[in-house]
Amino acid sequence: MPVQLIISGKSHPADGGGKSLIRDIIDFTRTHNMQHRIVFLEDYDMNICRRMAQGCDIWLNTPLRGLEASGTSGMKASMNGCIHPSILDGWWAAGFAPESGFGIGRGESYDDSQRDAMDDIESRALYQTLQSQIVPEFYDRDEANLPRKWIARMKRCIKANAPRFNTHRMLRVYATGSY
């Protein structure tokens, strides 16, 4: 049951850790000859986001809890049936439902001194969820080679999230809460 990762994104110009992580991913991919399994799309922009949101099976988002900016890319992906295995923060804390996606962690809070422990706990939870739930469900095919449970989950994701998380809501929240 092979898994291919297509990764894209940008770190803030002042985010040295984010830039370093991107370099580490690219170096790992090259060093371990994983170009057929891990692809990093450079120069993330709206065009790349649009294509990814329309064509991927899952939309992984692993922000540090409490620091999610807004999650609009995840909302767009959700409208296209992309399943979320994501940290329970930002919009996904409100949009998560077990029948339409996957929550990584249980919404625990950690202080800065526990950051390494949080990373370890949540990475283990992500790998466990991928191995025991996501990949087996995606590859569970019927006689027509269709992943019926996965397709049902995609439809529930669209039905539950598209009406609730959209540009109208975002603008309303910004207008009433921020201005």
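Quick notes on the rules
- Residues numbered from 1 in each chain as written.
- Predicted model: local features only at pLDDT ≥ 70, side-chain atom pairs only at ≥ 80, totals over all residues.
- Heavy atoms only, no water.
- Helix = DSSP H or I, 4+ residues; strand = E, 2+ residues; numbered from the N terminus.
- Buried < 20%, exposed > 50% of the residue type's maximum accessible area, 1.4 Å probe, protein only.
- Polar contact = N/O pair within 3.5 Å; in protein donor to acceptor, adjacent residues only side chain to side chain.
- Contact = heavy atoms within 4.5 Å.
- Salt bridge = Lys/Arg side-chain N within 4 Å of Asp/Glu carboxyl O.
- Phe/Tyr/Trp six-rings, centres within 6.5 Å; stacked < 30°, edge-to-face > 60°.
- Lys NZ or Arg CZ within 6 Å of the ring centre and 35° of its normal.
- Pairing = 2+ DSSP bridges.
- Right-handed = clockwise from strand over helix to strand, strands pointing away.

### With respect to the side chain of threonine 129
Note that threonine 129 resides in helix α5 (residues 115–139). Given a relative accessible area of 10%, threonine 129 falls into the buried group. From its side chain, threonine 129 meets the backbone oxygen of alanine 125 in a polar contact 2.8 Å long. Dropping the residues within four chain positions of it, threonine 129 is found in contact with Phe102, Ile104 and Ile134.

### Description of unusual backbone geometry
Apart from glycine, the bulk of residues carry a negative phi angle, and the bulk of peptide bonds sit in the trans form. Positive phi, normally seen in glycine, also occurs at aspartate 43, with a value near 55°. In this fold, aspartate 43 is placed in the loop between β2 (38–41) and α2 (46–55). Aspartate 43 sits in the exposed class, given a relative accessible area of 60%. The phi torsion at asparagine 145 lies on the positive side, around 65°, for a residue other than glycine.

### What to know about the pattern of salt bridges
If you walk through the whole model with that rule in mind, you get four salt bridges. Among the ionic pairs, arginine 124 bridges to aspartate 120, the shortest N-O distance being 3.1 Å. Of this pair, arginine 124 and aspartate 120 both sit in helix α5, four residues apart, which is roughly one turn of that helix. Arginine 124 sits in the exposed class, given a relative accessible area of 57%.

### Quick look at the packing of aromatic side chains
A full pass over the atoms with the stated rule returns five aromatic pairs. For the ring pair tryptophan 92 and phenylalanine 96, a centre distance of 5.7 Å and an interplane angle of 70° mean the geometry is edge-to-face. Tryptophan 92 sits in the buried class, given a relative accessible area of 2%. Residue phenylalanine 96 is classed as partly exposed on the basis of its relative accessible area of 28%. Summarising the aromatic geometry, the rings of phenylalanine 138 and tyrosine 139 are spaced 5.3 Å apart at their centres and angled 85° between planes, so their arrangement reads as edge-to-face. Look at tyrosine 139 and you get partly exposed, because its relative accessible area is 30%. Here the aromatic residues Trp91, Trp92, Phe96 and Phe165 are joined through ring pairs into a cluster of three or more. In this structure, arginine 141 is placed above the aromatic ring of phenylalanine 138, and the distance from its NZ or CZ to the ring centre is 4.7 Å.

### A closer look at the pairing of β2
The alternating pattern of β2 places Ile38 and Phe40 on a buried face and Val39 and Leu41 on a face that is not buried. As judged from the four bridges shared by strand β1 (residues 5–8) and β2, these two strands associate in the parallel manner. Within β2, the residue paired with isoleucine 7 across the bridge is phenylalanine 40. Handedness of the crossover is the feature at issue here: the chain leaves β1, passes through helix α1 (residues 16–31), returns alongside β2, and the resulting connection is right-handed.

### Here we look at the side chain of serine 86
Within the secondary structure, serine 86 is located in strand β3 (residues 85–87). Judged by relative accessible area, serine 86 falls into the buried class, the value being 2%. Residue contacts for serine 86: discarding those within four places in its chain leaves Trp59, Leu60, Asn61, Trp92, Phe102, Gly103 and Ile104.

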